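# Fold and contact review
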Amino acid sequence: MKNFTIPPISRWYTVKNSNNRQLAVFVNSPIAASYHQDYHPGNKALRKQRGTVEYIITTLKNQFHDTPEIVLQGASNDLIEILKQDLPKILIKTGKEKLTVCVIPRAKAENTYSPDQLYFKRSVQRAVAMLNAFEDGSDFIVRHTDTRTTHMDKSGYGGTGNLPYPGITQDTCTIAAEVRNKDILLIDDLYTESVNIDEDAIQTLLNHGANSVTLYCLGRTKSYQSDIVKDKAKLYKQTLKDTYDLIIDGYSIEAISKERGVTVGTIVNHIWEISTILGSYPLEQFRPPESIILAVKEAAMKLGSSRELKPIFEELNEEIPYNDIRLALIFTDEY
């Protein structure tokens, strides 16, 4: 999980009932925000890869009402596990005793969606029910009037309604009186800085008397193509660049090994080297189970924060393979 702050600055928006653009401030004070992972728009491989934020977000939208129930349930379970991991960290960070969880509504009136298009909201409800110190306020913001679907608008499929403008949440949603005096954790699937829908919803909740609002999103949009070029340029060995190209294309470790004609261990070492230069964000598809990451971290700490594989392997009673230890070490700094 990563943290950031939404500043109270002027942002461009499309004026209501027009195509004119102008500046406005959507939030009146800095807002603490967190997200699970970077979201890479345009990366088709990640959208098809189970467990990635790209897969979860795309699947649970079920935009065209054609995703099988078993697939929706799988993505829902993935989201719930992430929320169970991240939300307690946010609670600690806020210093609050309890948080009321609200959800950003989808772009169209809620009664126009079928139940299998509201899986994101239902998943949040299920996760909250499993956690202590969280209250379900997922029905405290309910859309009653259509707005434009922002992520489809450029392709001409945004539908009816307006794009986000200051006050669109107030105009198109029913806000429950129960938000007053609550410390709210507002959850959305994806944060994109230029969209402004999260900012407007935050200010609306504060205007309705919420004591505080913290934002959490599953993903935060990352500029995909430009970042690939920039990141690849940072890799100082051609062999790392060749492996990185296949990583970005969604290849598994075994597939990269086969494609490049080298051992799996060599590719794992490449992934490790890439992580020391670029960090863990482009390597999430190789993330081991959380139980392995935590076990490796604990063993490394017992050994004085050692990153040498053999001592950690022995400390773990030789039960976790070397390659899994190497991959886990990429992510241990998150804990």
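Residues numbered from 1 in each chain as written. Predicted model: local features only at pLDDT ≥ 70, side-chain atom pairs only at ≥ 80, totals over all residues. Heavy atoms only, no water.

## A closer look at the packing of helix α2 (residues 53–61) against helix α3 (residues 69–94)
At a minimum axis distance of 9 Å, the contact between α2 and α3 shows a crossing angle of 130°. In terms of orientation, α2 and α3 fall into the oblique class. Crossing handedness for the pair α2 and α3: left-handed. On α3, the residues touching Y55, I56, T59 and L60 of α2 are V71, L72, A75, S76, D78, L79 and I82. Of the residues in the contact of α2 with α3, the class split is eight nonpolar, two polar and one charged. (Axes fitted to C-alpha atoms, helices over the stretch in contact; angles between N-to-C directions. Helix = DSSP H or I, 4+ residues; strand = E, 2+ residues; numbered from the N terminus. Parallel < 35°, antiparallel > 145°, perpendicular 65-115°, else oblique. Left-handed = near helix turned anticlockwise from the far one by under 90°. Contact = heavy atoms within 4.5 Å. Nonpolar A, V, L, I, M, F, W, Y, C, P; charged D, E, K, R; others polar.)

## Focus on the pairing of strand β2 (residues 10–14)
Bridge count for β2 against strand β3 (residues 21–25) is five bridges, and the pairing is antiparallel. Considered in β3, the bridge of W12 is made with L23. The turn joining β2 and β3, which pair antiparallel and follow one another in sequence, is formed by six residues; a positive phi near 60° is taken by N17. (Pairing = 2+ DSSP bridges.)

## A look at the side chain of D116
With respect to the helices and strands, the residue D116 is situated in the loop between β5 (99–103) and α4 (119–129). The side chain of D116 sits in the buried core without any salt bridge; R122 is the nearest counter-charge, 7.1 Å away. Only 2.9 Å separates the side chain of D116 from the side chain of H65, close enough to count as a polar contact. (Buried < 20%, exposed > 50% of the residue type's maximum accessible area, 1.4 Å probe, protein only. Lys, Arg positive; Asp, Glu negative; His and termini not counted. Salt bridge = Lys/Arg side-chain N within 4 Å of Asp/Glu carboxyl O. Polar contact = N/O pair within 3.5 Å; in protein donor to acceptor, adjacent residues only side chain to side chain.)

## Section: unusual backbone geometry
Of note, N17 is a non-glycine position whose phi angle comes to about 60°, a positive value. Locating N17 in the fold gives a position in the loop between β2 and β3. Even without glycine at this site, N181 takes up a positive phi of about 65°. As for its placement among the helices and strands, N181 is situated in the loop between β8 (173–175) and β9 (183–191). Relative accessible area serves as the criterion here: at 63%, N181 is assigned to the exposed category.

## A short note on the environment of V296
Within the secondary structure, V296 is located in helix α12 (residues 290–302). When its relative accessible area of 0% is taken as the criterion, V296 is described as buried. Taking C-alpha positions, V296 is 9.9 Å from L327, a pair spaced 31 residues apart along the chain.

## A closer look at the packing of aromatic side chains
The tally for this structure, following the rule as stated, stands at four aromatic pairs. A ring pair is formed by Y13 and F26, whose centres lie 5.9 Å apart and whose planes are at 90°; its orientation type is edge-to-face. Of this pair, Y13 sits in strand β2 while F26 sits in the loop between β3 and β4 (31–39), placing them 13 residues apart in sequence. Of the residues examined, F26 reaches a relative accessible area of 3% and is grouped as buried. The structure contains a cluster of three or more aromatic residues connected by ring pairs, namely F4, Y35 and Y191. (Phe/Tyr/Trp six-rings, centres within 6.5 Å; stacked < 30°, edge-to-face > 60°.)

## Focus: the sheet that holds β9
For sheets, the rule is that strands pair by backbone hydrogen bonds, running either parallel or antiparallel. On the basis of which strands lie adjacent, the open sheet formed by six strands has the order β1-β4-β10-β9-β5-β6 and mixed pairing. Edge positions in the sheet fall to β1 (2–6) and β6 (134–136), since each has one partner strand and no second. Each strand axis lies, on average, 30° off the axis of its neighbour in the sheet, ignoring direction. Where β5 lies against β6, three bridges are found, and the strand directions are parallel. Residue pairing in the sheet places T100 in a bridge with E135 of β6.

## Overview of helix α11 (residues 264–278)
Taking 1.5 Å of rise per residue, 15 residues should cover 21 Å, and α11 covers 21 Å from first to last C-alpha, within 8% of that figure. Within α11 the residues assigned to the buried category are I267, V268, H270, I271, W272, E273, I274, S275 and L278. (Expected span 1.5 Å × (residues − 1).)

## Here we look at α3
Compared with the 38 Å implied by 1.5 Å per residue over 26 residues, the 36 Å span of α3 between its first and last C-alpha is a close match. Largest kink in α3: about 25°, centred on L83. Within two residues after α3, G95 carries a phi angle of roughly 75°, on the positive side. (Bend = angle between axes of the 7 residues up to and from the residue.)

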